[in-house]
Amino acid sequence: MTTSTKSFAITKRQVYEAWKRVKANRGAAGVDEETITEFEQNLPRNLYAIWNRMASGSYFPPPVREVGIPKKSGGVRFLGVPTVGDRVAQTVAKEFLEKLLEPHFDPNSYGYRPGRSAKDAVQVTRKRCWKYDWLFEFDVKGAFDNLDHDLLMKALRKHTDCKWVLLYVKRWLNAPSVSESGETRARNRGTPQGSVVGPVLMNLFMTYAFDRWMRRNEAACPFARYADDAVVHCATERKALQLKESLVKRFEACGLELHPEKTRIVYCKDSNRRGDYPHVQFTFLGFTFRPRRAISSSGTQFTSFLPGVSRDALTRMRQQVRSWHLARQTSGTLREFAQTYGSTLAGWWNYYSSFYPSALHSVFRHFDLALARWVRRKYKRLSRHKSRSRHWVAAMARREPHLFVHWRKWFANDRTMGAV
């Protein structure tokens, strides 16, 4: 049977390209417990089945598997894990939706969009904090879990009348979930956090619930949004208070609620801004914006309102270093550690050192101290010499700075801060 005799114009090539993206992204098994490796063992048959069903209108997504992960602020967040086959099907739709919707998304929306990143959002927010004295930050409570299906489909119909896209998006929205205890739960609101199409649907919903509303009603207040997390800049405290009241009502009208603990008005205090206010800092995308010491080009010290890695992010990174238990791996080598942990360290550096990098140094010193403990257990002659083990690590950092990203950065410029 050829593609032309099918109800919907979905090609085998689209399905195969979607599979390549799913394989590259890896991911866990869904409710059927089939892994990517197992799916690939019968790849032609599996991909043909997905194409055949999608193109004929008979594709029905299986339930998603719920996986609980701890929240940063306590409690548990549930991710929805689709099956491998369903991830392929969703990727076909995601590719279509991105091409369709990207031109209509706001330039100040940064989350889950090609060519945009969290660092871009932090960068533009930093510049605006210097220009505007006040800021309103908010987070939508349970945004992925509470999206109104009718409003979302209404927004989608504004942009397409493609029957297969509308059909399958509705089916994915209604697909049930299976809890960790095996209970099947129906879904009448929200989209699973962890689904492939979820992020683009979230951006579509927030485009109408927030972005375009801001353009119409509060054009003088620039904003940066990353999915359901956003900051809005205001010229005065009065304007920030008014905006907060208006946005609470706006989101209520859209079936959403602002998180009470993550919504506040902040004064962006620096050397030129006087007065005492309850909140002079906020955290956005892993960076805490607050008054920090800065030095002008002429060498004069002053206080500027700047982002730096947040305390919570530092804690998580140190906890992850501790979870590696480097000291117990006495048979390991530095090169093996570089292969195993180097990419994680590089990811931390590449993201968090982008702004006020000195705030990040404690994490890498913590890693080097873990290496020093490893040295003391590996070499008996250094077992009781903390200072000598630290000097050993520092010497290796100078000798082989290519092993770890912070060694390359610190010692390429003959810095004397030392590996430990």
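Residues numbered from 1 in each chain as written. Predicted model: local features only at pLDDT ≥ 70, side-chain atom pairs only at ≥ 80, totals over all residues. Heavy atoms only, no water.

Chemist: Account for the nonpolar core, with residues named and values stated.
Modeler: As a rule of thumb, soluble globular proteins bury nonpolar side chains together. If you look at the biggest cluster of nonpolar residues, it comprises 69 residues, and the most contacted ones within it are Phe138, Trp164, Phe210, Leu247 and Phe251. Among the elements that take part in this core, helix α9 (residues 198-217) stands out by supplying 11 residues, more than any other. With residues near it in sequence (within four places) discarded, tryptophan 164 still touches Phe8, Ile10, Met54, Val92, Ala93 and Phe96. (Core = buried A, V, L, I, M, F, W, Y, C linked by side-chain atoms within 4.5 Å. Buried < 20%, exposed > 50% of the residue type's maximum accessible area, 1.4 Å probe, protein only. Helix = DSSP H or I, 4+ residues; strand = E, 2+ residues; numbered from the N terminus. Contact = heavy atoms within 4.5 Å.)

Chemist: Outline the pattern of salt bridges, supporting the account with residue identities and numerical values.
Modeler: Under the definition given, this model contains 19 salt bridges. The salt bridge partner of glutamate 400 is arginine 335, with a shortest N-O separation of 2.7 Å. With glutamate 400 in the loop between α14 (386-399) and α15 (405-412) and arginine 335 in helix α12 (residues 334-352), the pair connects residues that are 65 residues apart, well separated along the chain. Through salt bridges with shared partners, a single network forms among Arg21, Lys94, Glu95 and Glu98. (Salt bridge = Lys/Arg side-chain N within 4 Å of Asp/Glu carboxyl O.)

Chemist: Outline helix α4 (residues 84-101), listing residues and values.
Modeler: Here α4 spans 25 Å end to end across 18 residues, near enough to the 26 Å set by a 1.5 Å rise per residue. The buried count for α4 comes to 13 of 18 residues, which makes it a mostly enclosed element. (Expected span 1.5 Å × (residues − 1).)

Chemist: Tell me what's going on with the sheet that holds strand β10 (residues 287-295), and back it up with residues and numbers.
Modeler: Spatial strand order, β9-β10-β11: three strands in an open sheet with antiparallel pairing. Bordering the open sheet on either side are β9 (282-284) and β11 (301-309), each of which pairs with just one other strand. When strand polarity is set aside, the average angle formed by the axes of neighbouring strands in this sheet is 50°. Here β10 pairs with β11 via nine bridges, running antiparallel. When the bridges of β11 are listed, proline 291 appears paired with phenylalanine 305. (Pairing = 2+ DSSP bridges. Axes fitted to C-alpha atoms, helices over the stretch in contact; angles between N-to-C directions.)

Chemist: Pulling in residues and values, what's your account of the packing of aromatic side chains?
Modeler: One pass over the full model with this rule turns up 32 aromatic pairs. Aromatic pair phenylalanine 287 and tyrosine 352: ring centres 5.5 Å apart, planes at 50°, arrangement tilted. One end of the pair, phenylalanine 287, is in strand β10; the other, tyrosine 352, is in helix α12, with 65 residues separating them in the sequence. Tyrosine 352 matches phenylalanine 287 in its accessibility class, with the two residues each being buried. One aromatic cluster is present, built from ring pairs that chain together Trp324, Phe337, Tyr341, Trp348, Phe367, Trp374, Tyr379, Trp392, Phe404 and Trp407. A cation over a ring is seen here: lysine 12 above tryptophan 51, with NZ or CZ 4.8 Å from the ring centre. The positively charged end of arginine 171 is found above the aromatic ring belonging to phenylalanine 60, 3.7 Å away from the centroid. (Phe/Tyr/Trp six-rings, centres within 6.5 Å; stacked < 30°, edge-to-face > 60°. Lys NZ or Arg CZ within 6 Å of the ring centre and 35° of its normal.)

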